[in-house]
Amino acid sequence: MADRQTGRLIDANPSFLDLIACPPATVKDAQLTDLPIFNTPADLDRLTGLLDHGGRVRDMDIDFVNAQGEMRTGVINAESVDIWERRCVLFAVDDRTETKRLELEVIDISERERRQLGQYLHDDLCSHLLGIEVMQTVMRKKLAKLAGADLAAIDKSRDLVQDAIRKTNRISRGLCPINIAEQGLELTLTELCRDIEEIYGVGCRLRYDEEIFLKDHLMATHIYYIAREAAYNAVKHGKARNISLSLTRTGDTAQLIIRDDGQGLPKSLKRTGMGIRIMNYRARRIGAMLDARRDGDAGCVVSLTFTPHVAKNGGPADDAIV
């Protein structure tokens, strides 16, 4: 419990002290800003802002380093209360460190399996189908020399094989976008928009205020999959007819925004859906802030704010945006 006016800690139970690894004497009457759990000022600002807005906070994720230097992950629930004419905040922190570690381990395993499957489709199955297409082409040439040969059937089968090659390539790109390193994030996102238009028949447009080339291909891959998940959610869950993706830069900060005109963010996806959880995981992996919210009366806006190590217009990159 803490005093809202002075920002000082009033009382803390042993479990909280164990979590932050501080003895009672060191936290008595301490400022909240001096506690390890709020060693990132933005977290305390976010908690205070949510309390000012609604009087309570539910399931706010927080990452911090305790007094022993251990990285911990928790969830904060807080509520404003009046005690002896003092405005206070009562908050509880649920330690999710081990749960989060296991969750990220499972996600990492699924990521590796996904990449392996994408590479298999690209390197093995696509090559196999191309071999079949070549055999069909040779067979057609031989049949064309025979009188009365039914070429329509073999042309139809070859069309089906070519369609299978295109679909397999598309699935492979979605599972493992190996072309990010070769052609950059912008063209990869352009291909994503084209795939969505071809598969679902909805409008999907990409806008760049200026080109941003990422040095870190792992960061680019995570950004791509966040955009992909948000766009596909807009179609599948939001029933959107139009989707826009924009990547802009302001100073040292870049922002990716995915906006749609669908039915808005489903409540089932907001906190517990696997899609939004994986998007949050990817955002944390690249040190980014992810926000998903309804866009007024209709549609949804997903924004990813990050500070990448990039170069502009394809030039040499330093350690920041240039």
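Basis of the calculations
- Residues numbered from 1 in each chain as written.
- Predicted model: local features only at pLDDT ≥ 70, side-chain atom pairs only at ≥ 80, totals over all residues.
- Heavy atoms only, no water.
- Helix = DSSP H or I, 4+ residues; strand = E, 2+ residues; numbered from the N terminus.
- Rg over C-alpha atoms; globule rule 2.2 N^0.38 Å.
- Buried < 20%, exposed > 50% of the residue type's maximum accessible area, 1.4 Å probe, protein only.
- Contact = heavy atoms within 4.5 Å.
- Lys, Arg positive; Asp, Glu negative; His and termini not counted.
- Charge placed at Lys NZ, Arg CZ, Asp CG, Glu CD.
- Pairing = 2+ DSSP bridges.
- Axes fitted to C-alpha atoms, helices over the stretch in contact; angles between N-to-C directions.
- Salt bridge = Lys/Arg side-chain N within 4 Å of Asp/Glu carboxyl O.
- Core = buried A, V, L, I, M, F, W, Y, C linked by side-chain atoms within 4.5 Å.

Colleague: Please clarify how the overall build of the chain should be interpreted in this entry.
Modeller: Each helix and strand in the chain was counted, giving 9 helices and 11 strands. Taking 322 residues into account, the globule formula puts the C-alpha radius of gyration at 20 Å, and the chain, at 26 Å, lies well above it. Taken across its 322 residues, the chain has 39% of its residues classed as buried. Considering only residue pairs separated by 6 or more positions, the chain has 57% of its internal contacts joining residues 24 or more positions apart. When the 45 positive and 49 negative side-chain charges of the chain are each reduced to one mean point, those points stand 6 Å apart.

Colleague: Is there a simple way to explain the sheet that holds strand 9 (residues 289-294) in this structure?
Modeller: The strands making up a sheet are joined through hydrogen bonds of the backbone, oriented either antiparallel or parallel. Spatially, 5 strands are ordered 5-7-8-10-9 in an open sheet, and the strand pairing comes out mixed. Lying at the two open borders of the sheet, with one neighbouring strand each, are strand 5 (203-208) and strand 9. Strand-to-strand twist of the sheet, defined as the mean angle between neighbouring strand axes without regard to direction, takes the value 10°. Pairing of strand 5 with strand 7 (residues 242-250) involves 6 bridges; the strand directions are parallel. Its bridge partner being in strand 7, Gly 203 is matched across the sheet by Asn 242. Sheet strands touched by helix 7 (residues 217-236): strand 7, strand 8 (253-260), strand 9 and strand 10 (300-306). Its angle to strand 8, the strand with the most contacts, is close to 20°.

Colleague: I'm lost on the environment of Leu 245 in this one. Help?
Modeller: Mapping Leu 245 onto the fold places it in strand 7. Given a relative accessible area of 2%, Leu 245 falls into the buried group. Here Leu 245 is in contact with Leu 189, Leu 192, Cys 193, Cys 204, Arg 205, Leu 206, Arg 207, Ala 227, Ile 257 and Ile 258, once residues within four sequence places are set aside.

Colleague: Looking at this model, I keep getting lost on the pattern of salt bridges. Mind explaining?
Modeller: Pairs may arise between side chains of opposite charge once their charged atoms sit close together. In the structure shown here, the tally under the stated rule is 20 salt bridges. The salt bridge partner of Arg 96 is Asp 94, with a shortest N-O separation of 2.6 Å. Look at Arg 96 and you get partly exposed, because its relative accessible area is 31%. Overall, Asp 94 belongs to the partly exposed group, its relative accessible area being 35%. The partner of Asp 155 in a salt bridge is Arg 140, and the shortest N-O contact between them spans 2.6 Å. Here Asp 155, found in helix 5 (residues 151-175), pairs with Arg 140, found in helix 4 (residues 97-144); they are 15 residues apart in sequence, far enough to count as distant. Via salt bridges that share partners, Arg 56, Arg 58 and Glu 79 belong to a single interconnected network.

Colleague: Is there a simple way to think about the nonpolar core in this case?
Modeller: One broad trend across soluble globular proteins is that nonpolar side chains are buried collectively. Within the largest apolar cluster, 41 residues are counted, with the highest numbers of intra-cluster contacts made by Ile 196, Ile 223, Ile 243, Leu 245 and Leu 304. No other element matches the 12 residues that helix 7 contributes to this core. Aside from chain neighbours lying at most four places away, what touches Leu 304 is Ile 223, Ile 226, Ala 254, Gln 255, Leu 256, Ala 283, Ile 286, Ala 288, Met 289 and Leu 290. Ranked by size, the runner-up nonpolar core spans 25 residues in total, among them Val 27, Ala 30, Phe 38 and Leu 44.

Colleague: Explain unusual backbone geometry here, please?
Modeller: Most of the time, phi is negative for any residue but glycine, and the peptide bond is trans. The phi dihedral of Asp 59 falls on the positive side, at around 55°, and the residue is not glycine. Mapped onto the elements of the fold, Asp 59 is located in strand 2 (residues 56-65). Look at Asp 59 and you get partly exposed, because its relative accessible area is 38%. The backbone of Trp 84 shows a phi angle near 50°, a positive value even though the residue is not glycine. Inspection of the secondary structure puts Trp 84 in the loop between strand 3 (71-83) and strand 4 (86-95).

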